[in-house]
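# Structure assessment
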Amino acid sequence: MTAFFLGIALIVAAGAAAWLLQGRTRLADSVFATLAALGCAAGLVPAVAVLVGGRGSVGLSWGMGAPGGTWAFGIDSLSAVFLVVVLGVGLLNVLYGIAYLAPERAHRAVGSAHFLTCLFLAAMALVVTAQATMPFLVAWELMALTAYLLVVFEDEQAEVRRAGLVYLAATHVGALALVAMFALWGTWAGGFTFSALGRASLPASGAAVLSLALVGFGLKAGLVPLHFWLPGAHASAPSHVSGLMSGVMIKTGIYGLLRVISLVRGVPAWWGWAVLTLGILSGVLGVLWALAQHDLKRLLAYHSIENIGIILLGVGAGALGVAYREPAVAVLGFAGAVLHTVNHALFKSLLFLGAGAVFRATGIRVIDRLGGLARRMPWTWVAFLVGSVAIIGLPPLNGFVSEWLVYQALLRGGFAVSPVRVAVLGVAALALIGGLALACFAKVGGVVFLGEPRSAAADEGREPTAGYLLPMAVLALACAVIGLLPSIAVQPVLAIAGSIAGASLETLQPALGPVVRAAWGISLVSGGVVLLLTVGWVWRRALERRRSPTWSETWACGYVGPTPRMQYTAASFAAPLLQAFGRVAGVRTERTPAAFHTHPVDLVLEGVVLPAWRHVSRVAEAIRPVQHGRLHTYLLYIVGVLLALLLYLWLGART
Amino acid sequence: MTSWTAVWTLGLVLVIAPLLPGLATKTKSWLTGRRGAPVLQLYFDLGKLWRKRSTYSRTTTWVFRLAPVAVVATALGAACLVPLDGRQSLLRFTGDLVAFAYLLALGRFALVLAGLDTGSSFEGMGSSREVTFSTFAEPALFLGFATLVLLTGSLSLSGMFGEALFTAWGRSAAALALIAISLFLVLLAENARVPVDDPATHLELTMIHEVIVLDHSGPELGLILYGSALKLAVFGALLVGVLVPRAALPQPLAAGALAGGLVLVAIAVGVVEGVMARLRLIRVPQFLVAASVLAALATFLVLWR
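These numbers come from a predicted model, not from an experiment. (Residues numbered from 1 in each chain as written. Chains lettered and ligands numbered in written order. Predicted model: local features only at pLDDT ≥ 70, side-chain atom pairs only at ≥ 80, totals over all residues.)

The helix and strand inventory of chain B stands at 13 helices and one strand. Listed N to C, the secondary structure of chain B is α-α-α-β-α-α-α-α-α-α-α-α-α-α in terms of helices and strands. The C-alpha atoms of chain B give 19 Å as radius of gyration, which agrees with the globular expectation for 305 residues (19 Å, within 12%). With the C-alpha coordinates aligned to their principal axes, the bounding extent of chain B is approximately 55 × 40 × 40 Å. For chain B, the residues scored as buried account for 65% of the 305 residues in total. In chain B, once contacts between residues fewer than 6 apart in sequence are set aside, the share between residues at least 24 apart is 80%. (Helix = DSSP H or I, 4+ residues; strand = E, 2+ residues; numbered from the N terminus. Rg over C-alpha atoms; globule rule 2.2 N^0.38 Å. Buried ≥ 20, exposed ≤ 12 C-beta atoms within 10 Å, placed from the backbone. Contact = placed C-beta atoms within 7 Å.)

Structure (structure tokens):
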């Protein structure tokens with residue numbers, strides 16, 4: 001635990017150094033990078049020790065005198081895996097930020113942004129290691145505020161400020177739900193450390209606690225319909241911050257849900273069904289809305305909602321397994337959820353960093369104005385392609401492994417006698433999500449990177465420097481390693497899932513043994529495909545040398561002067577699917593004889609939240625005169641309230 | 001331990017795969033009163049393409065040239081997961097059904113990207129349609145698989161199509177019949193056959209699969225054609241597997257039943273092409289949702305037994 005806190009201190013020191021040394025650019029960057037890397041490495045030591053060593057939790061708590069009761073921190077296997085995500089993936093985003101923010105130096109101070117990023121990272125690390133209510137909420141709030149300040153980094157744009165405001169309001173509604181949840185729960189438990197909460201058996205009204213948890217953590221995770229803050233915030237933030245938020249921060253919501261499940265010991269079935277339903281809703285709607293987007297980063301943000309949906313499918317299946325006493329389903333569901341959390345952190349950060357590289361190279365985020373970047377930015381394209389294949393969930397990459405676990409949880413649920421067997425229908429949703437994700441990333445990859453550039457700026461895109469490419473390369477490599485050698489991931493996540501579900505893995509050996517062995521089967525399939533691709537490519541090259549190919553124009557039915565404007569656009573590509581899903585797709589179409597436009601709308605934000613907000617602000621306007629800044633009326637309020645209280649006491653004394 | 005029969009049945013399927021499109025075309029021609037191309041036409045085509053030089057568009061990148069390899073590699077990988085001899089596949093593990101579907105999806109992703117790589121409107125259009133229709137086909141396939149999982153208690157294709165399926169026919173013939181119909185519809189969609197797509201059409205605007213490969217030529221086109229034929233054979237083997245559980249049959253007979261079944265599937269595809277026209281594109285999602293509904297019905301039948 002000492003190493004962990006040393007790491008946190010180093011991370012904060014790195015940020016401070018970047019801020020204080022900002023006059024001396026090169027020194028600041030190198031000190032910042034070194035300290036941040038050292039800090040994350042030190043912080044990872046105890047996490048890796050827990051995961052690899054299989055030791056139980058290491059803990060530290062101090063002070064009854066501390067505000068809000070005991071401040072306890074500890075790392076058990078659940079904390080450890082999230083800590084690996086926060087510090088490992090977080091570090092790569094932070095390092096990418098150095099190169100990414102460098103061009104901003106001309107306009108604004110960059111050091112403070114680095115400092116905030118470090119605070120943000122440290123706060124997230126504290127969130128997943130806090131073992132008591134007070135430090136958890138403090139870290140949670142620090143995380144929310146630093147994230148807000150980073151979202152409004154480019155605050156000269158009205159759109160950015162608006163997205164920041166929506167995020168700030170939403171995150172505080174979530175925080176409020178969490179405060180209420182912990183207050184209720186802690187009162188029943190008679191203590192506010194997690195171990196005290198875990199010892200308490202929830203009364204019948206524990207439903208309130210579980211519902212508040214779903215709202216509070218669900219808002220952070222971005223599940224539909226509580227996702228409305230997410231696309232704006234993730235699209236407006238600088239790309240490495242988007243990577244941090246999408247890859248890491250929203251996962252703290254998943255961490256919260258899993259922590260609650262492990263503390264409650266025996267969640268009720270209705271809660272499991274609720275999570276499963278919300279997972280299906282988030283997954284299908286998230287990817288459908290992503291398909292409708294024209295802005296590359298907004299599209300990726302909607303995909304985060306989709307992947308949260310897949311994670312929640314796993315959490316929901318796991319919770320149902322706990323509720324209906326099907327430990328194998330529970331363990332597989334939670335294992336899928338945990339592994340997908342790790343995987344999504346890897347490939348979503350990778351995709352956001354890739355999108356950031358595209359934005360820096362071209363200055364464009366609109367998909368339909370890009371094109372042909374595969375020739376101009378070959379390595380960025382390879383990295384983005386790896387991320388795309390991984391996020392669709394295709395072999396031979398990591399996304400496949402976790403979706404495979406979730407599929408198994410749902411299918412295995414079908415064997416049960418209890419109502420959990422209905423969950424097997426979830427495979428249809430997961431399959432639909434997979435199909436839609438494939439369509440969406442075919443659109444992104446095909447329109448942004450392939451074909452001919454659709455604008456002059458896209459034509460001038462060039463490969464970014466190593467500062468951009470190295471973090472992306474590491475993330476892509478991690479995706480490939482988990483995809484090709486899933487055994488290294490499957491065994492640990494099963495153990496973690498066992499601890500969440502409170503099931504012993506030994507007794508589940510007949511059900512889980514084949515899964516562990518099957519991980520090697522995936523290695524064979526994935527490795528085999530990679531091998532076949534390599535052999536095929538080598539053969540093709542040899543063939544090409546023997547008979548040199550002819551190079552010509554793309555076939556356009558005899559037309560010989562195709563222009564880039566004649567290419568299929570992203571809007572047209574997505575149109576048939578959006579049309580098939582109708583109004584649910586959240587898109588307004590506009591057809592003229594010569595043009596076809598689609599305008600994505602966020603059904604929740606623009607249909608529910610903003611109208612509701614307008615009502616609230618109308619009421620607020622009405623009572624506004626109460627506060628006008630004149631001191632004597634305020635004194636009058638105080639006297640009035642005092643009199644009312646005295647009257648109340650006097651009446652109370654009389655009865 | 002892998003049995004040798006799994007190996008040589010796979011070999012058999014690899015060899016007879018190009019026969020199936022030929023058979024379908026022949027059946028269609030016969031039904032519509034024409035003579036039609038020889039049954040072995042695809043073998044001749046492959047031989048000819050193999051010896052040709054390739055022509056590439058200057059717009060294309062390595063994606064365009066790797067995709068044909070990916071199509072064959074993924075179809076081959078999927079074939080390794082299906083228990084072709086009626087007992088065991090070459091490779092089997094818990095949850096290999098997911099790997100089967102997602103491998104084919106990988107091949108499709110590669111092909112669709114290759115279509116977009118040319119920068120042609122036609123190929124973009126075809127790619128868009130391909131991903132649209134496969135999105136609707138995917139839930140049907142998975143619901144069918146889920147029903148087989150529930151009926152046989154196995155999470156592996158080898159178990160799902162093994163001996164347990166034979167006894168399942170006695171208990172839940174209705175559900176299995178529904179799955180077989182749904183699987184046939186998925187087969188038609190995934191392999192670009194009428195009524196979803198028309199492999200014989202030569203009007204770019206109406207095509208789906210054919211238009212994506214418009215720019216491919218030479219050995220690459222050959223790879224794609226072979227990969228498509230193999231995919232048809234693999235889906236056909238699944239259909240034959242549901243209809244004729246062969247685990248109890250002696251080995252040569254099981255392989256013979258597979259070959260005969262594949263021929264019948266190809267003829268059935270040809271009959272469909274002979275008697276009906278391609279659906280309007282806007283109707284295709286409804287057709288595939290119908291396949292999903294049939295599969296869902298089968299799942300319900302098994303769940304509330």
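Moving on: the overall build of chain A. Check the secondary structure of chain A and you find 25 helices and five strands. By the compact-globule yardstick of 26 Å for 655 residues, chain A fits well, its C-alpha radius of gyration being 26 Å. Long-range contacts, defined as pairs at least 24 residues apart, comprise 79% of the intrachain contacts of chain A with a sequence gap of at least 6.

Take the packing of helix H16 (residues 378-392) of chain A against helix H20 (residues 466-484) of chain A next. Residues and elements named next belong to chain A. Running from N to C, H16 and H20 cross one another at 35°; their axes reach a closest spacing of 10 Å. Crossing hand, H16 versus H20: left-handed. Residues Trp379, Ala383, Val386 and Ala390 of H16 pack against Leu469, Met472, Ala473, Ala476, Cys479 and Ala480 of H20. Residue classes in the contact of H16 with H20 are distributed as 10 nonpolar, no polar and no charged. (Axes fitted to C-alpha atoms, helices over the stretch in contact; angles between N-to-C directions. Left-handed = near helix turned anticlockwise from the far one by under 90°. Nonpolar A, V, L, I, M, F, W, Y, C, P; charged D, E, K, R; others polar.)

Let us now look at the interface of chain B and chain A. Each partner contributes residues to the interface: chain B has 64 residues there, and chain A has 68 residues. Every element with two or more residues in the side of chain B that touches chain A is listed here: strand S1 (55-57), helix H4 (62-81), helix H5 (96-117), helix H6 (121-152) and helix H13 (284-303) of chain B. Ranked by residues supplied to the side of chain B that touches chain A, first place goes to H6(B) with 17 residues. Looking at side-chain class alone, the side of chain B that touches chain A contains 33 nonpolar, 22 polar and nine charged residues. The pairing of strand S3 (residues 550-552) of chain A with S1(B) spans three bridges and is classified as parallel. Across the sheet, the residue bridging to A:Ser552 is B:Ser57, located in S1(B). (Pairing = 2+ DSSP bridges.)

Here we take up the confidence of the model for chain A. Scored by pLDDT, chain A comes out at a mean of 92, with 98% of its residues at no less than 70. Mean pLDDT values over the elements of chain A span from 72, in strand S1 (residues 58-62) of chain A, up to 97, in H16(A). (pLDDT = per-residue confidence, 0-100.)

What follows covers the confidence of the model for chain B. Residues with a pLDDT of 70 or more make up 98% of chain B, whose mean pLDDT is 92. Predicted complex, confidence summary: ipTM 0.97, pTM 0.95.

Structurally, chain A comprises domain 1 (278-504) and domain 2 (603-654). Inter-centroid distance (C-alpha atoms) of domain 1 of chain A to domain 2 of chain A is 46 Å. (Domains from an automatic or database assignment.)

Let's shift gears to the nonpolar core. All names here are of chain A. Grouped together as the largest cluster of nonpolar side chains are 365 residues, with contacts concentrated most on Met124, Leu291, Val331, Leu350, Val427 and Cys479. Broken down by element, the residue count for this core peaks at 22 residues, all from helix H14 (residues 327-362). Those residues in contact with Met124, other than ones at most four positions away along the chain, are Val86, Gly90, Met143, Val248, Met249 and Thr252. (Core = buried A, V, L, I, M, F, W, Y, C linked by C-beta atoms within 7 Å.)

What follows concerns helix H12 (residues 251-275) of chain B. Taking 1.5 Å as the rise per residue, H12(B) with 25 residues should run 36 Å; its terminal C-alpha atoms sit 36 Å apart, in good agreement. In this structure, the buried side of H12(B) is in contact with helix H1 (4-16), helix H2 (19-31), helix H9 (173-190) and helix H11 (218-243) of chain B. (Expected span 1.5 Å × (residues − 1).)

Residues and elements named next belong to chain A. Direction vectors running N to C along helix H1 (residues 2-20) and helix H2 (residues 25-53) enclose 165°, while the axes themselves pass 7 Å from each other. In terms of orientation, H1 and H2 fall into the roughly antiparallel class. Here H1 and H2 pass one another in a crossing that is left-handed. When H1 is examined against H2, the residues Ala3, Phe4, Leu6, Gly7, Ile8, Leu10, Ile11, Ala13, Ala14, Ala17 and Ala18 are found in contact with a partner set consisting of Ala28, Val31, Phe32, Leu35, Ala36, Leu38, Gly39, Cys40, Ala42, Gly43, Val45 and Pro46. Classifying every residue of the contact of H1 with H2 gives 20 nonpolar, three polar and no charged. (Parallel < 35°, antiparallel > 145°, perpendicular 65-115°, else oblique.)

All names here are of chain A. Here strand S4 (residues 587-592) pairs with strand S5 (residues 595-600) via six bridges, running antiparallel. For Arg588, the partnering residue across the bridge sits in S5 and is His599. The turn linking S4 back onto S5 is made up of two residues.

Cis geometry marks the peptide bond from A:Val224 to A:Pro225; its omega dihedral reads 10°. Its location among the elements puts A:Pro225 in the loop between helix H8 (206-221) and helix H9 (230-236). In this structure, the amide linkage connecting B:Val194 to the following residue, B:Pro195, adopts the cis form with an omega of 10°. Note on placement: B:Pro195 falls in the loop between H9 and helix H10 (209-212). You will see that B:Ala192, though not glycine, has its phi angle at about 55°, which is positive. Take B:Ala192: there are 22 C-beta atoms within 10 Å of it, and that puts it in the buried class.

Our next topic: helix H18 (residues 426-449) of chain A. Relative to the 34 Å expected for 24 residues at 1.5 Å per residue, H18(A) spans 34 Å between its end C-alpha atoms, a close match to the ideal helical length. Burial within H18(A) is extensive, with 24 of its 24 residues counted as buried.

Let us now look at the environment of A:Val248. Residue placement: A:Val248 occurs in helix H10 (residues 239-249). Between the alpha carbons of A:Val248 and A:Leu83 there is a distance of 9.8 Å; along the sequence they are 165 residues apart.

Right, let's talk about the environment of A:Ser402 for a bit. Residues and elements named next belong to chain A. With respect to the element layout, Ser402 can be found in helix H17 (residues 398-413). A tally of 30 C-beta atoms within 10 Å means that Ser402 is categorised as buried. The residues touching Ser402, leaving out its near neighbours within four places in the chain, are Gly336, Leu339, His340 and Asn343.

As a further point, take the environment of A:Leu168. Residue and element names in this part refer to chain A. Positionally, Leu168 belongs in helix H6 (residues 158-189). Exposure remark for Leu168: the 18 C-beta atoms within 10 Å place this residue in the partly exposed category. Along the backbone, Leu168 and Ser349 are 181 residues apart, and their C-alpha atoms lie at a distance of 22 Å.

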